[in-house]
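Below are the chains, spelled out letter by letter.
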Amino acid sequence: MNFRLSALIMAFVFSVSLAHAEPEEQPETPVQQEAKAAFEAAIQAVQNGPTRIPFGEQAALNLPDGYGFIPKTEGARFMKALGNNVDDRFLGLVIPTTEVAHWWLIDVAYNPEGYIQDDDAKDWKAEDLLNSLIEGTHAANEDRAARGIPEIEVVGWVEEPKYDEQAHRLVWSVAVKTKGQEAGAEESVNYNTLMLGREGYISMNLIASRNSIENLKPVAQTLLADLEFNSGKRYADFNADTDKVAEYGLAALVAGVAAKKLGLLAVVTAFVVKFAKVFIIAAAAGVAGLGKLFGKKKQV
């Protein structure tokens, strides 16, 4: 594993160290210790492309060269260290494994909601969907506040929902900001892509800053195109006599259900935005520089 290509994770550990800095003579805090452990576990577990990443019996991602996949166990530990709740739907994280101008990560999850009817996509209006998403975000802010997570506001569409009824793929994105943040502060973006299957859907949400998203859209769209459901699990394999139908349609998936996920990932997005410059430092440091980031006294 090339540790320079794992700068995203190293930057996280570095940022935790800075945020929880102790006097020189003090031992590492539990937060720092867990951050280091999560980093080391993730580094050891990264699967480099090109390779095929199976998602149980449901689907697989044909991971291209230049990308890495952090599996569920290690990825969940990393996400939890960032303050996110991770449930059984989480499958792992995709990260870049080559030097890039803009850092990002992708949260991958399988949602076994049943067969989602997509006929409402023909009639939906972007303005109505946005208003519903804003309302859902307001409601979800109560949960964020209770968990100590900053409340967020939806700024507007970065990309209006687009549904490919032939491939059963959905792409949409909104910009969000922390409630009450200063004018001109960097906004966050969750660029959402998902593919419908017979028994649910797989989502791949790219997390980045707004000023980088135009350059990163091809990344998300490439990975979505490399995702495929297995035979018998595809959307077209639906059996109306036996299969479960989801309680909501495609429009509700965008406008309502996604609001909760949007808020959870906002914390990660804020991290990516805040420590973009640290990525460069971490990449240059390499594994040999890890000791300089942690566990050593400051040099006078």
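Just above sits the structure.
For every chain, the first residue of the written sequence is number 1, and numbering continues from 1 along that sequence. Local features in a predicted model are, by the rule used here, given only for residues with pLDDT of at least 70; side-chain atom pairs are given and counted only at 80 or more, and totals for whole chains, interfaces and linings are based on all residues. Side-chain metrics rest on all non-hydrogen atoms present in the structure, leaving aside hydrogens and water.

Undergrad: Looking at this structure, I do not really get the overall build of the chain. What am I missing?
TA: What the chain contains, in helices and strands, is 8 helices and 11 strands. The buried share among the 300 residues of the chain stands at 53%. Taking contacts inside the chain between residues at least 6 apart in sequence as the whole, the part at least 24 apart equals 65%. Carbon and sulfur atoms make up 49% of the accessible area of the chain, which amounts to about 14,200 Å² in all. Where helices and strands are cited, they refer to DSSP runs of H or I of at least four residues and of E of at least two residues respectively, numbered from the N terminus. Burial classification: accessible surface area is computed with a 1.4 Å probe over protein chains only, and a residue below 20% of its type maximum counts as buried, one above 50% as exposed, and the rest as partly exposed. We call two residues in contact whenever any of their non-hydrogen atoms come within 4.5 Å of each other. All accessibility values rest on the Shrake-Rupley procedure with a 1.4 Å probe; residue burial counts only the protein chains present in the view.

Undergrad: How do you make sense of the side chain of Asp243 when you look at a structure like this?
TA: Looking at the secondary structure, you find Asp243 in the loop between strand 11 (227-229) and helix 6 (250-274). N or O atoms closer than or at 3.5 Å make up a polar contact, with two conditions inside protein: a donor-capable atom paired with an acceptor-capable one, and, for residues adjacent in sequence, both atoms drawn from side chains. In this structure the side chain of Asp243 is engaged in a polar contact, spanning 2.5 Å, whose partner is the side chain of Arg198. Here the side chain of Asp243 touches Asn239 through a polar contact of 2.8 Å, landing on its backbone nitrogen. If near-sequence neighbours (up to four positions away) are discounted, Asp243 is found in contact with Arg198, Asp237 and Phe238.

Undergrad: Hey, could you run me through the sheet that holds strand 11 in this one?
TA: The pairing of strands in a sheet comes from backbone hydrogen bonds and takes either a parallel or an antiparallel form. Two strands form a pair only when DSSP identifies at least two bridges running between them. With antiparallel pairing, 3 strands are arranged side by side in an open sheet as 2-3-11. Of all strands in the sheet, those bounded by a partner on one side alone are strand 2 (51-55) and strand 11. Adjacent strand axes in the sheet meet at a mean angle of 20 degrees, parallel and antiparallel pairs treated alike. Two elements, strand 2 and strand 3 (residues 59-63), share 5 bridges in a ladder whose sense is antiparallel. The residue bridging Pro54 from the neighbouring strand is Ala60, located in strand 3. Lines fitted to the C-alpha atoms define the axes, with helices restricted to the stretch that makes contact. Angles between their N-to-C directions range from 0 to 180 degrees.

Undergrad: Any chance you could explain the packing of aromatic side chains here in plain terms?
TA: The geometry of an aromatic ring pair comes down to the distance between the two centres and the angle between the two planes. Only centres within 6.5 Å qualify two rings of Phe, Tyr or Trp (six-membered ring in Trp) as a pair; their planes then separate them into stacked at under 30 degrees, edge-to-face at over 60, and tilted for everything else. Using the criterion set out here, one finds 5 aromatic pairs in the structure. Plain terms: the ring middles of Phe55 and Phe69 are 5.9 Å apart, the flat faces sit at 55 degrees to each other, and that makes the pair tilted. Highlighted residues: Phe55 in strand 2 and Phe69 in strand 4 (residues 67-71), separated in sequence by 14 residues. Each ring, one from Trp157 and one from Trp172, has its centre 6.3 Å from the other, and the planes form 90 degrees; the classification is edge-to-face.

Undergrad: Before we go on, may I ask you to explain the environment of Ala35 in this structure?
TA: Within the secondary structure, Ala35 is located in helix 2 (residues 30-45). Separated by 42 residues in sequence, Ala35 and Arg77 place their C-alpha atoms 9.2 Å apart.

Undergrad: Hey, could you run me through the nonpolar core in this one?
TA: Within soluble globular proteins, side chains that are nonpolar tend to cluster in buried spots. Grouped together as the largest cluster of nonpolar side chains are 31 residues, with contacts concentrated most on Phe55, Val94, Trp104, Ile202, Met204, Leu206 and Leu227. Take this core: its biggest share by element is 6 residues, from helix 5 (residues 213-225). Sequence-distant contacts of Met204, defined by excluding residues within four places in its chain, comprise Leu61, Ile106, Asp107, Val108, Tyr191, Asn192, Thr193, Leu223, Leu224 and Leu227. The set of buried Ala, Val, Leu, Ile, Met, Phe, Trp, Tyr and Cys residues whose side-chain atoms join them within 4.5 Å is what this entry labels a nonpolar core. Grouped together as the second largest cluster of nonpolar side chains are 27 residues, Ala121, Leu129, Tyr235 and Leu250 included.

Undergrad: Help me understand the environment of Lys72, please; the structure alone is not making it clear to me.
TA: Mapped onto the elements of the fold, Lys72 is located in helix 3 (residues 72-81). On the basis of relative accessible area, Lys72 is assigned to the partly exposed category, the value being 35%. When the C-alpha atoms of Lys72 and Val86 are compared, they prove to be 9.7 Å apart, with 14 residues separating the residues in sequence. When near neighbours in sequence (up to four residues on either side) are disregarded, Lys72 contacts Asp88, Phe90, Leu91 and Gly92.

Undergrad: What is the right way to look at the pattern of salt bridges in this model?
TA: Side-chain pairs of opposite charge can arise whenever the charged atoms involved come near each other. Salt bridge criterion: a side-chain nitrogen from Lys or Arg within 4 Å of a carboxyl oxygen from Asp or Glu. Tallied over the full model, the rule gives 8 salt bridges. A salt bridge links Glu159 to Lys162, with the shortest nitrogen-to-oxygen separation between them at 3.9 Å. Between Lys233 and Glu199 there is a salt bridge, with the nearest N and O atoms lying 3.1 Å from each other. Taken together, the positions of Lys233 in the loop between strand 11 and helix 6 and Glu199 in the loop between strand 9 (188-196) and strand 10 (201-209) put the pair 34 residues apart, joining distant regions of the chain. We classify Lys233 as buried; its relative accessible area is 15%. A residue is classified by how much of its surface remains accessible, and Glu199, at 28% relative accessible area, is partly exposed. One network of salt bridges, in which partners are shared, links Glu159, Lys162, Glu214 and Lys217.

Coordinates in, geometry out; function isn't part of it.
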